[in-house]
Amino acid sequence: MLKKDLRIKYSRLRSSLTPSQLSSQSIAIANSVLQLPIWSNSYFHIFLPIEQKAEIDTEGIISILLGLDKNVIVPKIKSPTELEHFLLTDNTKFITNSLNIPEPVDGITIEPNKIDVVFIPLLAFDKAGNRIGYGKGYYDRFLIQCREDVIKIGLSFFEAENSIDDMDTTDIPLDFCVTPTKTYSFKTS
């Protein structure tokens with residue numbers, strides 16, 4: 001399927017989930033994340049959900065990371081093309097931006113090349129590890145700034161599509177994708 005058709009399909013599917021389903025499936029995803037081979041790393045970047053778009057609630061994963069004394073990094077939109085990244089601390093204050101994304105007001109900035117693992121929001125993904133978001137390209141531009149060995153993990157309420165037909169050369173594939181019932185691995189090495 002084409003990206004535009006997948007965006008419509010998965011936006012509708014997500015909006016059909018009840019609050020109870022969103023909560024239980026987000027918890028199932030957080031529990032599955034515990035099985036990934038990532039826990040020797042220190043710096044974990046994670047998105048905060050847009051509730052109006054029925055995104056995965058990442059609070060459970062954040063709690064796990066903090067409980068394991070990991071450095072948790074959260075994004076903030078810096079410009080129409082760029083994110084900046086802040087260390088989550090007890091003093092971090094959040095606001096909701098014009099896209100309804102919770103963001104840190106300010107704090108300790110972390111450079112992308114310091115990050116070991118990135119949890120990536122998405123609408124859909126395929127069996128080759130390709131992902132699509134909302135089409136603004138923030139994460140693809142951010143991931144280019146990260147180290148080559150950064151671990152890229154998608155989180156999805158739904159299983160993989162067979163293929164996304166119109167991927168671009170600038171689209172960066174995932175290493176893993178975690179759903180409520182399955183973990184996909186795309187790593188070749």
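Here, every reference points to the structure presented above.
Residues numbered from 1 in each chain as written. Predicted model: local features only at pLDDT ≥ 70, side-chain atom pairs only at ≥ 80, totals over all residues. Heavy atoms only, no water.

Engineer: Please provide a residue-by-residue account of the overall build of the protein, values included.
Structural biologist: When helices and strands are counted, the protein shows four helices and eleven strands. Its C-alpha radius of gyration of 15 Å places the protein within 12% of the 16 Å reference for a compact globule of 189 residues. Buried positions account for 51% of the 189 residues belonging to the protein. Put simply, of all contacts in the protein between residues at least 6 apart along the chain, 69% involve residues at least 24 apart. In the structure as shown, the protein presents an accessible area of about 9,600 Å², 51% of it carried by carbon and sulfur atoms. The average position of the 20 basic charges and that of the 24 acidic charges among the side chains of the protein differ by 3 Å. (Helix = DSSP H or I, 4+ residues; strand = E, 2+ residues; numbered from the N terminus. Rg over C-alpha atoms; globule rule 2.2 N^0.38 Å. Buried < 20%, exposed > 50% of the residue type's maximum accessible area, 1.4 Å probe, protein only. Contact = heavy atoms within 4.5 Å. Areas by Shrake-Rupley, 256 points an atom, 1.4 Å probe, with all protein chains shown as cover. Lys, Arg positive; Asp, Glu negative; His and termini not counted. Charge placed at Lys NZ, Arg CZ, Asp CG, Glu CD.)

Engineer: Kindly report on the pairing of strand E9 (residues 151-155), identifying the contributing residues and their values.
Structural biologist: Put simply, side chains in a regular strand alternate between the two faces of the sheet. Most of E9 is tucked away: five of the five residues are buried. Along E9, one buried face is formed by Ile151, Ile153 and Leu155 and the opposite face, lined by Lys152 and Gly154, is buried too. Here strand E6 (residues 117-120) pairs with E9 via four bridges, running parallel. The partner of valine 117 across the bridge, within E9, is isoleucine 151. (Pairing = 2+ DSSP bridges.)

Engineer: How would you explain the pattern of salt bridges if you had to name every residue and give the values?
Structural biologist: Scanning all chains against the criterion turns up eight salt bridges. Between aspartate 5 and lysine 4 there is a salt bridge; the shortest N-O distance is 3.4 Å. Relative accessible area serves as the criterion here: at 30%, aspartate 5 is assigned to the partly exposed category. Given the relative accessible area of 53%, lysine 4 is considered exposed. One salt bridge in this structure joins aspartate 140 and arginine 131, with 3.8 Å as the shortest N-O distance. For the pair aspartate 140 and arginine 131, one class covers both residues: buried. Linked by salt bridges that have partners in common, Lys3, Asp168 and Asp171 make up one network. (Salt bridge = Lys/Arg side-chain N within 4 Å of Asp/Glu carboxyl O.)

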